[in-house]
Amino acid sequence: MFKGPFRSYEEPSTKHCLRDIMDGFFPSELQSRYPNGVPFQVTDKRDVFFQERKLPGYFPGFGQAVGRSKPSGIKETNEISGPKLTMEEFLNKLPKSLVRDGQVIDIREDLKKTLQGLDGAQSHEVVLVETPSLTALRKRLEGKQKTEGPGTNISTLRIKSEDGEKTYIVKMSFTETIGDLRQHLAQNRGEALQPYEILSTFPLQVYNNDAMSLEECGLVPNAFLLLRKKLSPTKADTSPH
């Protein structure tokens, strides 16, 4: 991570990082560097083996060096040392499921779908949602709108769907509300959907007050959000947002 040394899956820090992700939380080791969160992308590297690059003239004994030598780097090779794990063997190393918000989540099945998507079986779709702010931006870029006006205060929201298969890009004015956001999503997603909640994972916050503006919610100038099936009243978040 951060171009640092590679870490074994068996290391406690690695397990803690993966556990945070699987539990739906932003990894604690990244919170100080990315206080507003950062998107993750899963890449299948099972066919790549990393080995330490040795300096020319390497020998196992002691010696003296004149000047400064370059530190050893990392060599990437497709030569696999030891038996190669199949996808099923890799998944079997992970916990089968976990309980979150009273619901049992099948970790292995969700990750299996993600890995299969990398092979072309599934694809992640990015949807640009049509909004008045987006239309105003297009006109401004085309030179049809000379004055800047209030449209310069535009927030860009990246919103992950409930199943994680779509990411909605929504551009809205700072003064538009959570209710307006729901209307923009409904125009794209349709009305015949189960009730859902809009939330951020770090900090964990549910935005259920449709009258609050994006600026009041702190969702400016950009934010990463998730959609989640609405929980029962006894499990719902009681925060004012």
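Since we're looking at a predicted model, the values are computed, not measured.

**Considerations on the overall build of the protein chain**
Here's step 1: A tally of regular secondary structure across the protein chain gives 6 helices and 10 strands.
Here's step 2: In the protein chain, buried positions account for 27% of the 241 residues.
Here's step 3: As presented, the protein chain carries roughly 16,600 Å² of accessible surface, and 53% of it is formed by carbon and sulfur atoms.

**Quick look at the nonpolar core**
Here's step 1: Formed by 20 residues in total, the largest nonpolar core has its most connected members in L157, I159, V170, L181 and L219.
Here's step 2: Listing elements by their share of this core, those giving two or more residues are β6 (154-160), β7 (166-173), α5 (178-189), β8 (196-201), α6 (214-217) and β10 (222-229).
Here's step 3: I159 has contacts with K166, T167, Y168, V170, L181, L185, L225 and L227, leaving out every residue within four places of it along the chain.

**Comments concerning the packing of aromatic side chains**
Two numbers describe a pair of aromatic rings. These are the distance of the centres and the angle of the planes.
Here's step 1: Across all of its chains, the model carries 0 aromatic pairs by this definition.
Here's step 2: We note R182 situated over the ring of Y196; from NZ or CZ to the ring centre the distance is 4.8 Å.
Here's step 3: Positioned over the ring face of Y196 is R189, at 5.1 Å from the centre of the ring.

**Considerations on the sheet that holds β6**
Here's step 1: With mixed pairing, the 6 strands of this open sheet are ordered in space as β5-β7-β6-β10-β8-β9. Two strands close off the open sheet at either side, each with one partner strand: β5 (125-128) and β9 (204-206). Each neighbouring strand pair of the sheet contributes to a mean axis angle of 30 degrees, computed without reference to strand direction.
Here's step 2: Sheet topology places β6 next to β10; 5 bridges connect them, and they run parallel.

**Examining the pairing of β6**
As a general feature of sheets, a regular strand has side chains that alternate between the two faces.
Here's step 1: As judged from the 7 bridges shared by β6 and β7, these two strands associate in the antiparallel manner. Paired with I154 across the strands is S173, a residue of β7.
Here's step 2: Counted between consecutive antiparallel strands, the loop separating β6 from β7 contains 5 residues, among which G164 sits at a positive phi close to 75 degrees.

**Remarks on the pattern of salt bridges**
Here's step 1: Summed over the entire model, instances satisfying the criterion amount to 4 salt bridges.
Here's step 2: Note that E130 and R138 form a salt bridge whose closest N and O atoms lie 3.0 Å from each other.
Here's step 3: Overall, E130 belongs to the partly exposed group, its relative accessible area being 44%.

**Observations regarding the environment of Q194**
Here's step 1: Positionally, Q194 belongs in the loop between α5 and β8.
Here's step 2: For the pair Q194 and K230, spaced 36 residues apart in sequence, the C-alpha separation works out to 7.8 Å.

**Thoughts on unusual backbone geometry**
Here's step 1: For the peptide bond that leads from V220 to P221, omega is -5 degrees, which places it in the cis range.
Here's step 2: With respect to the helices and strands, P221 occurs in the loop between α6 and β10.

**Overview of the environment of L18**
Here's step 1: Examined against the element boundaries, L18 turns out to sit in helix α1 (residues 12-22).
Here's step 2: Counting along the chain gives 76 residues from L18 to L94, while the straight-line C-alpha distance between them is 9.7 Å.

**A closer look at a nonpolar patch on the surface**
Here's step 1: Taken together, the side chains of L18, I21 and F40 make up a nonpolar region of the molecular surface, amounting to roughly 250 Å² of accessible area.
Here's step 2: Structurally, the position occupied by F40 is in the loop between α1 and β1 (49-52).

**Structural notes on the pairing of β7**
Here's step 1: Taken across its 8 residues, β7 has 6 buried, putting it largely inside the fold.
Here's step 2: Inspection of the sheet shows β5 paired to β7 by 4 bridges, in the parallel sense. Opposite E125, over in β7, you have K166 as the bridge partner.

**Overview of helix α4 (residues 132-141)**
Here's step 1: Turning to α4, its buried residues are S133, L134 and A136. The buried residues of α4 all sit within an arc of 160 degrees when viewed along its axis, so they share a single face.
Here's step 2: On its buried face, α4 is in contact with β5, β6 and β7.
Here's step 3: In the stretch just after α4, G143 is the one whose phi turns positive, near 80 degrees.

**Examining the confidence of the model for the protein chain**
Here's step 1: On average, residues of the protein chain carry a pLDDT of 75, and 66% of them reach 70 or more.
Here's step 2: The least confident element of the protein chain, judged by mean pLDDT, is strand β2 (residues 74-77) at 52; the most confident is α6 at 96.

The rules behind these values
Residues numbered from 1 in each chain as written. Predicted model: local features only at pLDDT ≥ 70, side-chain atom pairs only at ≥ 80, totals over all residues. Heavy atoms only, no water. Helix = DSSP H or I, 4+ residues; strand = E, 2+ residues; numbered from the N terminus. Buried < 20%, exposed > 50% of the residue type's maximum accessible area, 1.4 Å probe, protein only. Areas by Shrake-Rupley, 256 points an atom, 1.4 Å probe, with all protein chains shown as cover. Core = buried A, V, L, I, M, F, W, Y, C linked by side-chain atoms within 4.5 Å. Contact = heavy atoms within 4.5 Å. Phe/Tyr/Trp six-rings, centres within 6.5 Å; stacked < 30°, edge-to-face > 60°. Lys NZ or Arg CZ within 6 Å of the ring centre and 35° of its normal. Pairing = 2+ DSSP bridges. Axes fitted to C-alpha atoms, helices over the stretch in contact; angles between N-to-C directions. Salt bridge = Lys/Arg side-chain N within 4 Å of Asp/Glu carboxyl O. Patch = residues over 30% accessible without salt bridge, like charges linked within 9 Å, V, L, I, M, F, W, Y side chains within 5 Å. Arc of directions from axis to C-beta. pLDDT = per-residue confidence, 0-100.

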